[in-house]
Amino acid sequence: MNDKKDNLLIVDRWLEKPPSLETRSGMPVKEHYGPEDLRDFNYDKELSNPGEYPFTRGIHQNMYRGKIWTRRLFCGVGTPEYTNRKLKYQIEHGQSGIIITPDMPTNHGGIDPDHPIARGFAAIQGAPIHSIEDTDVMFKGIDLDHVSVAFQWNNMSALVTLACFIASAQKRGYDIGCLRGSIINEPLHSFFSNPSAPFENLELQKKVCVDIIEYCTRNMPYWHPQVINGYDISQTGINAYQELGFSLALAKTYIRAALERGLEIDQFGGRIMLVFTSDMDFLEQIAKLRAARRMWAKMMREEFGAKNLKVCRPFITVHTDGASLTAQQPVNNIVRITLEVLAAVLGGVQSIDPCGYDEAHCIPSYEAALTSLNIQNIIALESNVVNTADPLGGSYYLECLTNEVEKQANAYLQKIEALGGIIPAIESGWVHKETREAATKREEEIEEKKRILVGVNELAIPREQEVPIPISRDAWLDSSAENDLVDIFRKFKESRNVQEVKESLKYVQEEAKKQKNLMPSAIEAVKARATMSEIIGIIREAYGLSYDPFNMIKNPFWEVKNG
């Protein structure tokens, strides 16, 4: 009886077929593709050569022959000193750029670690930057002339984070006009994953966002003052063309606001960066990245009137798909990450920051970090896929798929525009409905095995039979890390000249009431040793909002009477 069952299993595997004949986005895939599928294809208009408009094949003529993509890995844990050690470790092992993610109190509320609501969240799953001292320590011994720095900060916390970084760099003697890197600075995308987020300060957040764009445009020509965060949106479950549609709709909102401020598209458009996911639909992801460049180029030239072709070249960074990684058989995640990184490379991106194989369990450990860096190093230095630009260009299927992704993304973008743009789409609940339906669809596909997760809904094995692989939760997950951070922060506050802090905050408040750009006053405030919560609180009060977004603490310096 058992022999018969085993034989049936062998036959079943022998006759095995793909679980779906559609892309992840639901686009049907034909049995094969040929010249008839590209009958009206215009090479010069739709492709052209790498480095030429519309940049479908890449933004540089020689692509990785001239410069291999920037290899990053998310970092930011525990105290600033701990983060500094981990950054140096990653740089020593081949990382060519730094990417730092914030802890939850910083990113979601812009609050300091001694805030009542921060308890249990500070110094966990991200780096704390609350003062100039944090950036002084975090970047100690790291040469900012030879590394680019990416910050994942959103909302108004981006203002203070960048101010701290600039102030620290100036203290060390760096010319900020030579600093290279980026900051997310993109408040609206937070509402995709958090539909209950308050809209009380939406216009203020948008104003601060443009302040950063304007300041960097005028003072930091090599800095990307905004990164459109399609990755976080993708993690809700949306598909490839939705990711493009939402991302470009967000970009349009900020571009229009910057133009209203008086900036010209040729001044700042070329410094906006796009960040996307790379998931397990290998060819669809390559097509998505190629379509993204073409859509961006056309939008910048045809809609916003960019005259400088460099402004039409989008800088794209990719993060591999955290949602694709499984807690079961985590060694399999190494294969998933490899395929997702390779798709990004073949899609022609400028930087990549892959997940760690242990992401379903914890923040990437040292072992996982080194593995993810070496995945990139091996692809870059051993595979030879970097030797020519757009090596898959001209594939009948890939060109058809690129065209179809662009078509679907443009149609989706028009839906959002018809709703009045991304802000009305969020406020009406339409965005939440779309992301909720996408998440439900993804779960149904897994349940129905239309989407296979090896080791989860197919080919599962008992845990004791899994290939052993290190899953080590580092010290930052211990409560002592948070306690250490709070102690360090309190000592910092006690050591300050309170009068200098008050005067700097008065200056921030005056500039806010005058509707001035807040970057210069924020930089002066952090130099006077004001903190994240204090600067954001003063700005909020200047706009008639409560000092504390959670209404739990009051302005510790002076009583503010509105009206």
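In this report, we go over the structure that sits alongside the text. (Residues numbered from 1 in each chain as written. Predicted model: local features only at pLDDT ≥ 70, side-chain atom pairs only at ≥ 80, totals over all residues. Heavy atoms only, no water.)

### Focus on the overall build of the protein chain
Phase 1: Per the secondary structure count, the protein chain includes 21 helices and 10 strands.
Phase 2: Relative to a compact globule of 563 residues, whose C-alpha radius of gyration would be 24 Å, the protein chain shows 24 Å and is just as compact.
Phase 3: By principal-axis analysis of the C-alpha atoms, the protein chain measures approximately 80 × 60 × 45 Å.
Phase 4: The buried share of the protein chain, taken over its 563 residues, is 57%.
Phase 5: Counted over contacts in the protein chain with a minimum sequence separation of 6, partners at least 24 positions apart contribute 78%.
Phase 6: By element, 51% of the accessible surface of the protein chain is carried by carbon and sulfur atoms, the whole surface being about 24000 Å².
Phase 7: Distance between charge centres in the protein chain, computed from 63 positive and 76 negative side chains, equals 3 Å. (Helix = DSSP H or I, 4+ residues; strand = E, 2+ residues; numbered from the N terminus. Rg over C-alpha atoms; globule rule 2.2 N^0.38 Å. Buried < 20%, exposed > 50% of the residue type's maximum accessible area, 1.4 Å probe, protein only. Contact = heavy atoms within 4.5 Å. Areas by Shrake-Rupley, 256 points an atom, 1.4 Å probe, with all protein chains shown as cover. Lys, Arg positive; Asp, Glu negative; His and termini not counted. Charge placed at Lys NZ, Arg CZ, Asp CG, Glu CD.)

### What to know about empty space enclosed by the protein
Phase 1: Counting across every chain of the model gives three cavities of 30 Å³ or more.
Phase 2: Here the largest cavity defines a volume of roughly 60 Å³.
Phase 3: Partitioning the lining of the largest cavity into residue classes produces seven nonpolar, two polar and one charged.
Phase 4: Contributing to the lining of the second largest cavity are Gly-109, Gly-110, Ile-111, His-115, Ser-533, Ile-536, Gly-537, Tyr-547, Asp-548, Pro-549 and Ile-553.
Phase 5: Among the elements that line the lining of the second largest cavity, the one with the most residues is helix α21 (residues 532-542), at three residues. (1 Å grid on protein atoms, 1.4 Å probe; cavity = no way out; pocket = protein on both sides within 12 Å on 5 of 7 lines; lining within 4 Å. Points joined across faces, edges and corners; volume = space filled by probe spheres on them. Nonpolar A, V, L, I, M, F, W, Y, C, P; charged D, E, K, R; others polar.)

### Comments concerning the nonpolar core
Phase 1: Of all hydrophobic cores here, the largest spans 92 residues; its most connected members are Leu-188, Phe-246, Ile-255, Met-300 and Ile-422.
Phase 2: Ranked by residue count, the leading element in this core is helix α10 (residues 240-261), at 11 residues.
Phase 3: For Ile-422, the contacting residues outside a window of four places in its chain are Leu-188, Phe-192, Phe-246, Ala-249, Leu-250, Thr-253, Ile-416 and Val-431.
Phase 4: Ile-142, Leu-159, Cys-164 and Ile-523 belong to the second-largest nonpolar core, a separate cluster that totals 58 residues. (Core = buried A, V, L, I, M, F, W, Y, C linked by side-chain atoms within 4.5 Å.)

### Points about the environment of Glu-458
Phase 1: Here Glu-458 is to be found in the loop between α17 (430-447) and α18 (479-494).
Phase 2: Among the residues examined, Glu-458 registers a relative accessible area of 18% and is labelled buried.
Phase 3: Between the C-alpha atoms of Glu-458 and Ile-129, which are 329 residues apart in sequence, the distance is 43 Å.

### Overview of the pattern of salt bridges
Phase 1: Tallied over the entire structure, the rule returns 30 salt bridges.
Phase 2: Among the ionic pairs, Glu-22 bridges to Lys-450, the shortest N-O distance being 3.2 Å. Placement of Glu-22 in the loop between α1 (2-14) and α2 (43-47) and of Lys-450 in the loop between α17 and α18 is noted, with a sequence separation of 428 residues between them.
Phase 3: On the accessibility criterion, Glu-22 (36% relative accessible area) is partly exposed.
Phase 4: We note a salt bridge from Glu-445 to Arg-451, for which the minimum N-O separation is 3.1 Å. The same class applies to Glu-445 as to Arg-451, namely buried. (Salt bridge = Lys/Arg side-chain N within 4 Å of Asp/Glu carboxyl O.)

### Topic: unusual backbone geometry
Phase 1: Cis rather than trans, the peptide bond between Tyr-53 and Pro-54 has omega equal to 10 degrees.
Phase 2: Mapped onto the elements, Pro-54 comes out in the loop between α2 and β1 (70-71).
Phase 3: Phi is positive for Gln-329, close to 45 degrees, though the residue is something other than glycine.
Phase 4: With relative accessibility at 11%, the residue Gln-329 sits in the buried group.
Phase 5: Positive phi is not limited to glycine here, since Asn-384 has a value of about 70 degrees.
Phase 6: Relative to the assigned elements, Asn-384 resides in the loop between α14 (366-381) and α15 (396-418).

### Section: the side chain of Ser-351
Phase 1: Along the polypeptide, Ser-351 turns up in strand β10 (residues 351-353).
Phase 2: Overall, the relative accessible area of 4% leaves Ser-351 in the buried class.
Phase 3: Within the structure, the side chain of Ser-351 is placed 2.5 Å from the side chain of Thr-317, a separation counted as a polar contact.
Phase 4: Non-local contacts of Ser-351, meaning those with residues more than four positions away in its chain, are made with Trp-69, Thr-70, Arg-72, Ile-316, Thr-317 and Val-318. (Polar contact = N/O pair within 3.5 Å; in protein donor to acceptor, adjacent residues only side chain to side chain.)

### What to know about the sheet that holds strand β7 (residues 226-229)
Phase 1: With parallel pairing, the five strands of this open sheet are ordered in space as β1-β10-β9-β8-β7. Two strands close off the open sheet at either side, each with one partner strand: β1 and β7.
Phase 2: With three bridges joining them, strand β9 (residues 315-320) and β10 adopt parallel strand pairing. Bridge pairing in β10 links Val-318 to Ile-352.
Phase 3: Seen against the sheet, helix α13 (residues 332-346) touches β8 (272-278), β9 and β10 and runs at an angle of roughly 170 degrees to β9. (Pairing = 2+ DSSP bridges. Axes fitted to C-alpha atoms, helices over the stretch in contact; angles between N-to-C directions.)

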